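# Results of the structural survey
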Amino acid sequence: MAVLHDPQTLGMAPTLAERFPELALVWRCHIDLTDAAPSALEFVRSYLETVDRMVVTLPEYADPLGDVPATVVPPAIDPLTAKNRPPSALSDPPDAADRPFDPDRPLVVQVSRFDPWKDPLGVLEVHRRVADRVPGAQLVLAGAMPDDDPEGEAVYREVAAAADDDPDVHLLTDLPDAGINALQRHADVVLQKSLREGFALTVSEALWKETPVVGTTVGGIPLQVDDGESGFLEAPDDLEAVADDVVDLLESPSRRGRFGERGRETVRERFLTPRLLADHLELIATAS
Ligand code: UDP
């Protein structure tokens, strides 16, 4: 069996099918296809003829390509990587002196590409509303600049302008994994205020570190956050509700503790690599 990840590799399918006619071909699609442009869907479909099965994160993601057999497998995080290990197990932990924020004041973090779907401008607005009610609240927006995301730099510039030199807003780019790890651990609340999402690995990454998550009801976020148990879920455009949730958590260390423990258990049960491995073994058994 060969698994092709995401649209970028799908173009290999016809050649693989020709060279290895016995090989089962699986396309692992990580994105939400439910609102895809018809021309993009047709382009993808033109490569799917030789694919035996697609794998999606949520059942509805497969609907627009309804004639292709689909299996639902949510992604998972690897607890042994530098991004997810406990700090004591890191060979090269980040230096606490390099932190741009004050470790003694409330900290809200969103880790996401600088992309309109991750709504960094909405996150800034949430921060403003939170900071009016929680003195000293700080925000970190940590975002990579992937080479395959040409919009990133323009969005970053727009967010930096909107942040308007607020000393309590920190835009951090291209942190190493151990740095992301430290941020997700140090945060009092992790935000994932996406307008659209595939799965949002960042949610499981935060919950695994016992940090509660305030997220939106899009893509894979509700799959990971139990509303009122490990975090809160709100409609993507409801800035006030998101701000209320953040304030609620910042003001209640005991609730943060309870939510954090529950979040870690959810990830342990459903979003770590052993479950992903089991799903793939089943896939191999089905596909071959
Ligand atoms: N990420 C990172 N550095 C950053 C921003 C993001 O390492 O500055 C990682 C993040 O920890 C996660 C992945 O990139 O593992 C993003 O995955 P997710 O599913 O949340 O969103 P996507 O970018 O795939 O839409």
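The preceding data block contains the structure.
Description of the structure in this document. (Residues numbered from 1 in each chain as written. Predicted model: local features only at pLDDT ≥ 70, side-chain atom pairs only at ≥ 80, totals over all residues. Heavy atoms only, no water.)

## Brief notes about the packing of aromatic side chains
Counted according to the given criterion, the structure contains 4 aromatic pairs. For the pair Phe114 and Tyr156, a centre-to-centre distance of 5.2 Å together with 90° between the ring planes defines the contact as edge-to-face. Within this pair, whereas Phe114 is found in the loop between strand E5 (107–111) and helix H4 (120–133), its partner Tyr156 is found in helix H5 (residues 152–163), the two being separated by 42 residues in sequence. The positively charged end of Arg196 is found above the aromatic ring belonging to Trp117, 5.7 Å away from the centroid. Over the ring of Trp208 we find Arg264; its NZ or CZ atom is 3.7 Å from the centre of that ring. (Phe/Tyr/Trp six-rings, centres within 6.5 Å; stacked < 30°, edge-to-face > 60°. Helix = DSSP H or I, 4+ residues; strand = E, 2+ residues; numbered from the N terminus. Lys NZ or Arg CZ within 6 Å of the ring centre and 35° of its normal.)

## Topic: the sheet that holds strand E6 (residues 138–143)
Working definition: the strands of a sheet are paired by backbone hydrogen bonds and lie parallel or antiparallel to each other. Ordered in space as E7-E6-E5-E8-E9-E10, the 6 strands form an open sheet in which the pairing is parallel. With one partner strand each, in any of the chains shown, strand E7 (169–173) and strand E10 (231–234) form the two edges of the open sheet. Ignoring strand direction, the axes of neighbouring strands in this sheet form an average angle of 20°. Sheet strands in contact with helix H9 (residues 239–250) are E5, strand E8 (189–192), strand E9 (213–216) and E10, and its direction is about 170° off that of E10. (Pairing = 2+ DSSP bridges. Axes fitted to C-alpha atoms, helices over the stretch in contact; angles between N-to-C directions. Contact = heavy atoms within 4.5 Å.)

## A look at the nonpolar core
Formed by 27 residues in total, the largest nonpolar core has its most connected members in Val126, Val130, Leu191, Val214, Val246 and Leu250. Contributions of two or more residues to this core are made by H4, E6, H5, E7, E8 and H9. Looking at this core element by element, the count peaks at 7 residues for H9. Apart from the residues within four sequence positions on either side, Val130 is in contact with Ala137, Ala243, Val246, Val247 and Leu250. In terms of nonpolar packing, the next biggest core, distinct from the first, is built from 26 residues, Leu107, Val111, Ile180 and Ala206 among them. (Core = buried A, V, L, I, M, F, W, Y, C linked by side-chain atoms within 4.5 Å. Buried < 20%, exposed > 50% of the residue type's maximum accessible area, 1.4 Å probe, protein only.)

## What about the sheet that holds strand E4 (residues 70–72)?
If you trace the 4 strands from one edge of the open sheet to the other, you get E1-E2-E3-E4, paired in parallel fashion. At either end of the open sheet lies a strand with only one pairing partner, and these are strand E1 (2–5) and E4. With direction set aside, neighbouring strand axes in the sheet form an average angle of 25°.

## Re a nonpolar patch on the surface
Together, Met1, Val3, Leu277, Leu281 and Ile284 make up an exposed nonpolar region whose accessible area comes to about 420 Å². Top element by residues in the nonpolar patch is helix H11 (residues 273–287). It accounts for 3 residues. Mapped onto the secondary structure, Val3 falls in strand E1. (Patch = residues over 30% accessible without salt bridge, like charges linked within 9 Å, V, L, I, M, F, W, Y side chains within 5 Å. Areas by Shrake-Rupley, 256 points an atom, 1.4 Å probe, with all protein chains shown as cover. Salt bridge = Lys/Arg side-chain N within 4 Å of Asp/Glu carboxyl O.)

## Considerations on the site of the ligand
Taken together, 13 residues form the shell around the ligand, and within it Arg113, Lys118, Ala144, Leu201 and Glu205 come nearest. Here an oxygen atom of the ligand and a side-chain polar atom of Lys83 are 2.9 Å apart. The side chain of Arg113 places a nitrogen or oxygen atom 2.7 Å from an oxygen atom of the ligand. Relative to its unbound accessible area of 540 Å², the ligand is 77% covered by the protein chains. Within the residue set of the shell around the ligand, elements represented by two or more residues are E6, helix H6 (177–186) and helix H7 (201–208). Here the residues of the shell around the ligand are counted per class, giving 6 nonpolar, 2 polar and 5 charged. (Near = heavy atom within 4 Å. Polar contact = N/O pair within 3.5 Å; in protein donor to acceptor, adjacent residues only side chain to side chain. Nonpolar A, V, L, I, M, F, W, Y, C, P; charged D, E, K, R; others polar.)

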